[in-house]
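# A look at the structure
Single-letter residue listing:
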Amino acid sequence: MMNDPRIEELLDFVRFPTVSAQKIHRTDMLACADWLVAKFRRMGLDARAASTPGFPVVVAKSLRDPNKKTVLIYGHYDVQPADPLDLWSSPPFNPIIRNGRIIGRGASDNKGQILAHIFGVEEAIKEGELPVNVVFLIEGEEEIGSAHLGTFLEAHRDELVCDAIAISDTGMAAEGYPTLSYALRGIATLEVQVKGPAMDLHSGIYGGAVANPVTAAARLVASLHDADGRVAIEGFYDTVQPMANWEREAAADSPVSDDAIAAQAGVTVLWGEAGYSAVERVGARPTAEINGFGGGYQGEGSKTVLPAEAFFKVSFRLVPDQRPDTVLALARRHFEKHCPPGVTLTIINGHGGDPFFLDPTLPQGMAAQRALEEVFGKKPALTREGGSIPILTEFQRTLRHPALLLALASPDCRAHAPDENFPIENFLMGIRLNKALLRELAKS
Ligand code: BES
Ligand code: ZN
């Protein structure tokens with residue numbers, strides 16, 4: 001297994017430190033895009049790294065046979081920052097194999113998953129039976145909000161025309177369990193900067209007479225939720241669609257229990273909106289989450305300072321029919337209304353993406369379910385997932401076809417965290433799944 005050239009290629013792919021959020025990695029990003037182009041050309045596809053105002057989009061196409069359906073396969077070659085580095089048991093961009101898993105940043109999200117699709121197509125070509133036309137679209141900005149991909153889709157709509165879109169960038173409901181995710185949450189992000197005195201002050205000389213920006217930031221952060229775990233922003237739930245009965249049944253049948261979620265997360269007690277299971281809270285309910293908070297003295301020992309400023313970063317996960325712009329406007333109003341006296345706020349909106357929802361019983365969805373059942377030998381779980389892939393609704397709008405989310409990552413893949421990993425078994429299953437999917441989509 002160790003000498004399997006497919007695994008060697010995955011290790012090579014993971015070795016590129018393609019952190020899109022950090023400017024220092026620009027040349028690594030370009031080199032990785034070129035590596036993908038070379039791979040596609042060796043497979044006989046027409047491939048290029050198309051430049052955008054950000055990082056290149058890799059496009060690779062088989063010859064278009066007008067008698068065949070066309071499947072677009074989407075993925076991303078960028079990864080999240082590897083920090084905190086000291087918590088990795090091996091270097092994040094020098095992947096190793098341990099207990100049948102490849103450990104490295106991007107192994108699961110998304111390099112292992114997209115490479116499984118690439119090898120599926122390569123094998124089908126070698127076996128002389130590529131049943132559909134394929135177009136690969138692999139971007140380098142997914143982890144920073146896909147800011148330039150929407151414009152790229154519009155401009156290249158004609159060459160991207162397809163009958164279905166296949167994506168593996170989600171997680172299995174349970175280890176080795178076939179999973180079709182029919183919904184993902186959307187996202188909206190912002191940062192709040194809280195400014196107080198003109199400079200850091202002596203907390204004895206001024207404390208009690210001047211508002212402390214860190215305290216003000218903490219009050220604002222605390223104002224985001226009520227005692228039932230609901231988001232306390234006025235109007236936040238106004239457009240939220242309730243779960244249908246069949247969805248609540250599917251969630252109750254989910255192979256993943258609340259206890260399993262607690263164990264994976266390393267907590268003894270779960271938390272969240274009253275009235276919903278953890279599976280429902282994560283997949284079907286919107287949230288407000290603090291991703292970063294800072295201000296004041298962070299060094300060793302104590303320092304009696306009244307800091308001049310503080311900040312916090314928030315991301316909201318959204319469900320149908322919430323819209324990022326509307327939620328950001330409601331949040332801005334909320335923070336302005338709850339701003340304690342003595343400080344001023346600067347609110348900076350970040351990236352956003354709409355929530356995604358697909359009826360899994362559409363013909364393409366049924367084809368995906370058949371392929372999953374064929375390869376894994378059991379009926380797939382239908383899940384709503386909490387993560388976001390911001391471009392999905394753009395696909396629906398521009399290419400007019402729904403995206404099929406066939407999970408290959410395992411529940412404990414540690415995406416975005418130290419020791420991210422991808423089981424070799426999932427990689428090999430993914431290759432077989434791609435071939436089955438293309439065969440089923442050809443018939444659908
Ligand atoms: N692969 C994930 C999306 C995902 C994760 C879907 C888990 C379902 C379950 C993707 O690479 C990702 O992390 N997206 C970001 C998007 C954001 C930075 C705009 C996310 O969800 O945080
Ligand atoms: Zn990710």
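Description of the structure in this document. Please read these numbers as outputs of a predicted model, since none were measured by experiment.

Ideal geometry at a metal centre gives angles of 109.5 degrees when four donors are arranged tetrahedrally and 90 or 180 degrees when six donors are arranged octahedrally. At this site the zinc ion (ligand 2) is bound by Asp-109 (OD), Glu-143 (OE), Glu-143 (OE) and His-416 (NE2), with donor distances of 2.0 to 2.7 Å. In this structure, the zinc ion (ligand 2) is surrounded by six donor atoms whose angles at the metal cover 53 to 157 degrees, and the resulting shape is irregular. Going along the chain, you hit the donors of the zinc ion (ligand 2) in the pattern D-x33-E-x272-H. With Asp-109 in helix α3 (residues 107-126) and Glu-143 in the loop between β6 (133-139) and α4 (149-155), this pair connects stretches of sequence that are 34 residues apart. Both residues of the pair, Asp-109 and Glu-143, belong to the buried class.

What follows deals with the pattern of salt bridges. Pairing is possible between side chains that carry opposite charge, provided their charged atoms lie close to one another. A complete count under the given rule lists 28 salt bridges for this structure. With a shortest N-O distance of 3.1 Å, Glu-9 and Lys-39 are connected by a salt bridge. Here Lys-39 lies in helix α2 (residues 26-42) and Glu-9 lies in helix α1 (residues 5-15), a separation of 30 residues in the sequence. Classification of Lys-39 as buried rests on a relative accessible area of 2%. The residue Lys-379 makes a salt bridge to Glu-373 at a minimum N-O spacing of 3.1 Å. Among the residues examined, Glu-373 registers a relative accessible area of 32% and is labelled partly exposed. Each of Asp-4, Arg-6, Glu-123, Glu-127 and Lys-435 takes part in a single network of salt bridges with overlapping partners.

Quick look at helix α12 (residues 424-443) now. Helix length check: α12 (20 residues) gives 29 Å between terminal C-alpha atoms against 28 Å at 1.5 Å per residue, within 8%. Taken across its 20 residues, α12 has 14 buried, putting it largely inside the fold.

This next bit is on the sheet that holds strand β11 (residues 287-295). Sheet architecture is open: four strands sit in the order β11-β13-β9-β14, paired in antiparallel fashion. The strands lining the two open edges of the sheet, one partner per strand, are β11 and β14 (344-353). For this sheet the average axis-to-axis angle between neighbouring strands, irrespective of direction, equals 15 degrees. Note that strand β9 (residues 186-195) and strand β13 (residues 309-318) share ten bridges and pair antiparallel. Paired with Thr-189 across the bridge in β13 is Ser-315. Each of β9, β11, β13 and β14 touches helix α5 (residues 213-222); the most contacted strand, β13, lies at about 15 degrees to it. Where helix α9 (residues 324-338) meets the sheet, it contacts β9, β13 and β14, and its direction lies at approximately 165 degrees from that of β14.

Tracing the backbone shows Glu-191 in strand β9. Given a relative accessible area of 18%, Glu-191 falls into the buried group. In terms of polar contacts, Glu-191 uses its side chain to reach the side chain of Lys-313, at 3.1 Å. Leaving out residues up to four positions away in the same chain, Glu-191 has contacts with Phe-311, Phe-312, Lys-313, Thr-346, Ile-347 and Ile-348.

So, how was this worked out
Residues numbered from 1 in each chain as written. Chains lettered and ligands numbered in written order. Predicted model: local features only at pLDDT ≥ 70, side-chain atom pairs only at ≥ 80, totals over all residues. Heavy atoms only, no water. Donors = N, O, S within 2.8 Å, 3.2 Å for Na, K, Ca; no water. Tetrahedral: all angles 85-135°; square planar, octahedral: opposite > 155°, others 65-115°. Helix = DSSP H or I, 4+ residues; strand = E, 2+ residues; numbered from the N terminus. Buried < 20%, exposed > 50% of the residue type's maximum accessible area, 1.4 Å probe, protein only. Salt bridge = Lys/Arg side-chain N within 4 Å of Asp/Glu carboxyl O. Expected span 1.5 Å × (residues − 1). Pairing = 2+ DSSP bridges. Axes fitted to C-alpha atoms, helices over the stretch in contact; angles between N-to-C directions. Contact = heavy atoms within 4.5 Å. Polar contact = N/O pair within 3.5 Å; in protein donor to acceptor, adjacent residues only side chain to side chain.

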